[in-house]
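# Fold and geometry: a report
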Amino acid sequence: MEKTKKTRIESDLLGEREIPAGKLYGVQTLRGIENFPISNFHLSEYPRFIEGLAYTKWGAAIANYQQELLSKEQYEAIVATCKEIIEGKHHDQFPVDMIQGGAGTTTNMNANEVIANRALELMGYEAGDHKHLSPNDHVNCSQSTNDAYPTAIHLGIYASHLKLLPYIQKLIEALEKKGTEFKDVVKMGRTQLQDAVPMTLGQTFNGFASILKEELPHLQYAAEQFLTINMGATAIGTGICSEPNYAQLVTKAIGEITGWHITLTEDLVGATSDTSQMIGYSSALRRLAVKLNKIANDIRLLSSGPRTGLNEINIPARQPGSSIMPGKVNPVIPEVMSQVCYKVMGNDLTVTLAGDAAQMELNAMEPVMAQCCFESIDLLANGIDTFRIRCIEGIEANKEVCQGYVRNSIGIVTALNPIIGYKNSTKIAKEAMSTGKGVYELVLEHGILSKEDLDTILSAENMIKPVNLHHIKPLK
């Protein structure tokens, strides 16, 4: 009885190699696995990128079939395989490291080989029988890594962007909900970590929501740049090895497949070495991260204590905070949100430096740029959702603590400036600091204002918004 084959033979420029039976990838993928054992970031862990590769190869197959470069059987098998990949199948057959030399050739060939070998199976042939359908001659027909790979990145990042937006929107809504819940909780504002003037806790949370909301159009604008692609550029932008009108046909096909408004870049030569879309989007993610980190840090400060910190809010207790200090609970969720933000900021620096490495007609550093962009999106989506569910939604206000700080603050003297003048207000503030007396007490003691007028000026509703109190006059 004949033993089941455990390997098959495939060959390339460098010679023959044995490929494990049951694997859809081929010889160039195997070399990539061996050559780039660099990180724990493998293509199989980035499903949107794999989908981008499938959309790219599907669009190319349509254009090549329209130009009679593929038989109907080859075309249908390639398209069927791409559809399977987009449905989530065969992703385990993309084992290459995201960080690789060769400007993405290993990733492009990984896709070509998987699609070719699965298509062969659908056609009734064995994987590796490339005389019927070849990774290079058919799946990669009219393409180079230098247009197919960046196009797949563009499509994958744009798809990831669409997945990220709802996470940001839900966090904004959660913060706005807290803004409404805390609209009547008066607290002291702080500048440079020193007492400033009164506000409401609701204004604090609405402020958090608003600065995140401002980032949505910036992110969207940056993401939409990915909808311009350079398919048809082939090796350096001249379109060598492609038919006339191929670039227009493949761009139209990808747009119809994805349902997105895909356009062809105006200058294929310039676009082939240009990675500004990734630079721009990574920068937009960094902007978002900076604001998220500010919010996380403020939440930590507002919840600090509970006995010797600000303690103006309580955040949900998620785990014991110390292996030695009983009763200690740490703000672990804001802490992890900050760490996500730092990673995104670091990734953005990598993207910027790699983007600066373009030389002549190509940027060979695109793989690390892509990895950083995909990773940053995933980290932000997970971090934002965790921050919302396990922290923001469970925050409670310590109203008495907030009110106590307002009553005891010297900062409320600022509200008296328009009535008694800056010089008199400064005297009151100085005396309050030196004597320990309150501003309210000193103003009455010196007979500067009547109690009725003072109560009006220092009422919560008059200290948290613009108000006209010029009808009130000092007694002296």
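Data block above holds the structure.
For the rest of this paragraph, the subject is the overall build of the chain. Scanning the chain for helices and strands turns up 19 helices and eight strands. A principal-axis box enclosing the C-alpha atoms of the chain has dimensions of 105 × 55 × 35 Å. Classification of the 476 residues of the chain by burial places 50% in the buried group. Counting contacts in the chain only where the partners sit at least 6 residues apart, residues at least 24 apart contribute 71% of the total.

Now for the pattern of salt bridges. Applying the stated criterion across every chain, the model contains 24 salt bridges. Between Asp184 and Lys183 there is a salt bridge; the shortest N-O distance is 3.2 Å. A relative accessible area of 59% means that Asp184 is categorised as exposed. Because the salt bridges share partners, they merge into one network encompassing Glu214, Glu215, Arg287 and Lys291.

Bringing the nonpolar core into the picture now. Grouped together as the largest cluster of nonpolar side chains are 103 residues, with contacts concentrated most on Phe49, Tyr281, Ile299 and Phe387. The element best represented in this core is helix H6 (residues 145–181), accounting for 13 residues. In this structure, Phe387 is in contact with Leu171, Ile295, Ala296, Ile299, Ile333, Pro334, Met337 and Ile392, ignoring residues within four places of it in sequence. One finds Ile420, Ala429, Val439 and Leu454 within the second-largest nonpolar core, a separate group that totals 22 residues.

Its location among the elements puts Asn311 in the loop between helix H11 (276–302) and strand E7 (313–314). The class for Asn311 is buried, based on a relative accessible area of 15%. Other than its neighbours up to four places away in sequence, Asn311 contacts Leu302, Ser303, Ser304, Pro306, Asn398 and Val401. Polar side-chain contacts of Asn311 include one of 3.2 Å to the backbone oxygen of Pro306.

Right, let's talk about the environment of Gly232 for a bit. When you line up the elements, Gly232 lands in the loop between strand E5 (228–229) and helix H9 (246–258). Between the C-alpha atoms of Gly232 and Val250, which are 18 residues apart in sequence, the distance is 7.7 Å. Contact partners of Gly232, with chain neighbours within four places excluded, come to Asp147, Gly239, Ser242, Tyr246, Ala247 and Leu268.

Before going further, it helps to examine the side chain of Arg118. Looking at the element boundaries, Arg118 is found in helix H4 (residues 105–123). Residue class for Arg118 comes out buried when judged on its relative accessible area of 19%. Setting aside its immediate chain neighbours within four residues, Arg118 contacts Leu24, Thr81, Glu84 and His90.

In this structure, the largest pocket occupies an estimated 410 Å³ of space. Lining the largest pocket are 20 residues, and of these Lys187, Arg190, Lys294, Asp298 and Leu302 sit closest to its centre. Broken down by element, the lining of the largest pocket gets its largest block of residues, five residues, from helix H7 (residues 201–213). Here the second largest pocket defines a volume of roughly 330 Å³. Every residue lining the second largest pocket is counted, 16 residues in all, and those nearest its centre are Ser303, Gly305, Pro306, Ile315 and Val329.

Here the focus is the pairing of strand E3 (residues 186–191). If a strand is regular, its side chains alternate between the two faces of the sheet. Bridge count for E3 against strand E4 (residues 194–200) is five bridges, and the pairing is antiparallel. Note on E4: the bridge partner recorded for Val186 is Thr200. Here E3 folds back onto E4, and the loop between the two strands holds two residues, one of which, Gln192, carries a positive phi near 55°.

The next subject is the packing of helix H2 (residues 47–66) against H9. Across the interface, H2 lies against H9 with an axial gap of 8 Å and an inter-helix angle of 130°. It follows from the interaxial angle that H2 and H9 lie oblique. Two packed elements cross with a definite hand, and for H2 against H9 that hand is right-handed. On H9, the residues touching Tyr55, Thr56, Trp58, Gly59, Ala60, Ile62, Ala63, Asn64 and Gln66 of H2 are Tyr246, Leu249, Val250, Ala253, Ile254, Ile257 and Thr258. Its residues assigned to classes, the contact of H2 with H9 comprises 11 nonpolar, five polar and no charged.

Attention now goes to the pairing of strand E2 (residues 15–20). Relative to E2, strand E1 (residues 7–12) is paired through six bridges, and the arrangement is antiparallel. Bridging from a neighbouring strand, Arg8 pairs with Ile19 of E2. With antiparallel pairing between neighbouring strands as the criterion, E1 and E2 make up a hairpin whose turn holds two residues.

One way to put it is that H6 packs onto helix H13 (residues 366–390) with a least axis distance of 9 Å and a crossing angle of 15°. Here H6 is positioned roughly parallel relative to H13, judged by the angle of their axes. In the packing of H6 onto H13, the handedness of the crossing is left-handed.

Take empty space enclosed by the protein next. For the structure shown, the criterion picks out two cavities of 30 Å³ or more. Approximately 140 Å³ is the volume found for the largest cavity. The wall of the largest cavity is formed by 14 residues, among which Pro150, His154, Ala271, Asp274 and Gln277 lie closest to the centre. Ranked by residues supplied to the lining of the largest cavity, first place goes to H6 with four residues. A class-by-class count of the residues in the lining of the largest cavity yields five nonpolar, seven polar and two charged. Here the second largest cavity is characterised by a volume of approximately 40 Å³. The leading source of residues in the lining of the second largest cavity is helix H12 (residues 332–355), at three residues.

Inspection of the entire model under this criterion finds nine aromatic pairs. Their ring planes at 65° and their centres at 5.5 Å tell us that Phe182 and Phe205 sit as a pair that is edge-to-face. Taken together, the positions of Phe182 in the loop between H6 and E3 and Phe205 in helix H7 put the pair 23 residues apart, joining distant regions of the chain. The exposure class of Phe182 is buried, given its relative accessible area of 3%. Between the NZ or CZ atom of Arg190 and the centre of the ring of Tyr405, over which it lies, the distance is 5.6 Å.

Calculation criteria
Residues numbered from 1 in each chain as written. Predicted model: local features only at pLDDT ≥ 70, side-chain atom pairs only at ≥ 80, totals over all residues. Heavy atoms only, no water. Helix = DSSP H or I, 4+ residues; strand = E, 2+ residues; numbered from the N terminus. Buried < 20%, exposed > 50% of the residue type's maximum accessible area, 1.4 Å probe, protein only. Contact = heavy atoms within 4.5 Å. Salt bridge = Lys/Arg side-chain N within 4 Å of Asp/Glu carboxyl O. Core = buried A, V, L, I, M, F, W, Y, C linked by side-chain atoms within 4.5 Å. Polar contact = N/O pair within 3.5 Å; in protein donor to acceptor, adjacent residues only side chain to side chain. 1 Å grid on protein atoms, 1.4 Å probe; cavity = no way out; pocket = protein on both sides within 12 Å on 5 of 7 lines; lining within 4 Å. Points joined across faces, edges and corners; volume = space filled by probe spheres on them. Pairing = 2+ DSSP bridges. Axes fitted to C-alpha atoms, helices over the stretch in contact; angles between N-to-C directions. Parallel < 35°, antiparallel > 145°, perpendicular 65-115°, else oblique. Left-handed = near helix turned anticlockwise from the far one by under 90°. Nonpolar A, V, L, I, M, F, W, Y, C, P; charged D, E, K, R; others polar. Phe/Tyr/Trp six-rings, centres within 6.5 Å; stacked < 30°, edge-to-face > 60°. Lys NZ or Arg CZ within 6 Å of the ring centre and 35° of its normal.

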